[in-house]
Structure formats: C-alpha cells, structure tokens
Amino acid sequence: HISPSSAAVLSLLSSGLTLQPDFITAEEEAALCRELEPVLRKKRYESGHWDDAIHGFREVERLHWSPDSSAVIQRVRDKAFPPGENQLSLVHVLDLQKDGYIKPHVDSVKFCGSTIAGICLLSSSIMRLVSVDDPEERADLLLPRRCLYIMSGVSRYKFTHEILRSEESIFNGVPVPRERRISVICRNLPVS
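Because the structure is a prediction, the values reported are computed rather than measured.

Explain the overall build of the protein chain to me, using residue names and the numbers behind them.
Secondary structure summary: the protein chain contains 4 helices and 12 strands in total. In terms of C-alpha radius of gyration, the protein chain reaches 16 Å, essentially the compact-globule figure of 16 Å for 192 residues. Here the C-alpha coordinates of the protein chain stretch approximately 45 × 40 × 30 Å along the principal axes. For the protein chain, the residues scored as buried account for 47% of the 192 residues in total. Within the protein chain, counting contacts between residues at least 6 apart in sequence, those at least 24 apart form 80% of the total. Looking at the protein chain as shown, the accessible area adds up to about 9,500 Å², and 53% of this sits on carbon and sulfur atoms.

Here it is, written out as structure tokens:
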C-alpha cells in the first residue's frame, strides 16, 4: 500500500506510518455514514479552509456517538494510542466532495499532538507524503476504503501530506477512482 521514491524514504516512514486495510466492516461503515449524514447535510461544502489546505469539504467535530459507532471509535483509539495517552475527546470528521482535495501541509502542533488515526469511508484515495527537506523524497500511500491509517513522528512533521485530486489519483500506474470521501479522525493532545 506504499510506493516510496527510495528504500531510504520507506525506512524513514516505516516507524511512524501504519495502515490496516478492512479495519471496519461494510456494515460498520454504513452505520457511521447513517449517523453522520444528517449532521453533514446541514453544512455546505466549502471551497477554502482557514489555512487554505482543504478544498471542497465539510467538517464537524463530534463528541457523542451511538453505541455501535462509539465501539468503532474506541477500537481506533485502542489501536492508535497507548493506554493512558491524553486524547482529544472530539472526533474530527472531514467530508471531501468527489472533486475535493487536501493540499500538501504539515499539521499544526497547536491543534493536535504527535499522532492522528483515521478511518476512510465511502472511497479509496491516495495520500502523498513529501519530505519538507527534499521534495524528491516522497511516497504515495494507497488508503483503501474502510482502512485505518495512523501517522506519527516523522510522517507527521518531516513530511507534508495531501489527498490527491481525483484526476491525479493514480497508484503504481493504476487509476484509483476517487468518490466522495469521509474520514473520521482521532487525535492525541498537543504537548503543552
């Protein structure tokens, strides 16, 4: 699921990048979407984010979930964070239109800590990681629908990350059709 520009890039990223395909079932995905749809439908898709990183998106932060969805969120938390790790209680939900995209950026340390963990709903996509020190050092990561991805350390702060536009969504020479994509993201607290 990763296509690096070199073995050195793969080595750099391997300690802070985890991908688990089929982390949730189709039934769990459907339940999450049923729960989120009424909330998301109340918002309009926006063309620009406060930091200009995201285009064609809606987002919410959610505290309360149904028991079934809470169990899925807890599985994400258990997989991504060690016991006792201080986490943001709000779960970030990002809904990207089919033609939406996320531009290359490094996450702000003001809003979350060293680790993010997300599950991908509705569509597979390609995440591109590019070294902030050398743009030739890069890797494409195939994020299959219903996967869990966890990013920490070097992959978060020494590489930019982006979600490619539909027309750029190609992995190892094979097009990966991009549809509307919802990501459900848990984060730990920033170090104060």
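Outline the pattern of salt bridges, listing residues and values.
Side-chain pairs of opposite charge can arise whenever the charged atoms involved come near each other. Summed over the entire model, instances satisfying the criterion amount to 10 salt bridges. For E35, the salt bridge identified is with R62, shortest N-O distance 3.2 Å. Taken together, the residues span a long stretch of sequence, with E35 in helix 2 (residues 26–41) and R62 in strand 3 (residues 54–62) at a distance of 27 residues. According to the relative accessible area criterion, E35 is buried, its value standing at 16%. Overall, R62 belongs to the buried group, its relative accessible area being 18%.

About the criteria used
- Residues numbered from 1 in each chain as written.
- Predicted model: local features only at pLDDT ≥ 70, side-chain atom pairs only at ≥ 80, totals over all residues.
- Heavy atoms only, no water.
- Helix = DSSP H or I, 4+ residues; strand = E, 2+ residues; numbered from the N terminus.
- Rg over C-alpha atoms; globule rule 2.2 N^0.38 Å.
- Buried < 20%, exposed > 50% of the residue type's maximum accessible area, 1.4 Å probe, protein only.
- Contact = heavy atoms within 4.5 Å.
- Areas by Shrake-Rupley, 256 points an atom, 1.4 Å probe, with all protein chains shown as cover.
- Salt bridge = Lys/Arg side-chain N within 4 Å of Asp/Glu carboxyl O.

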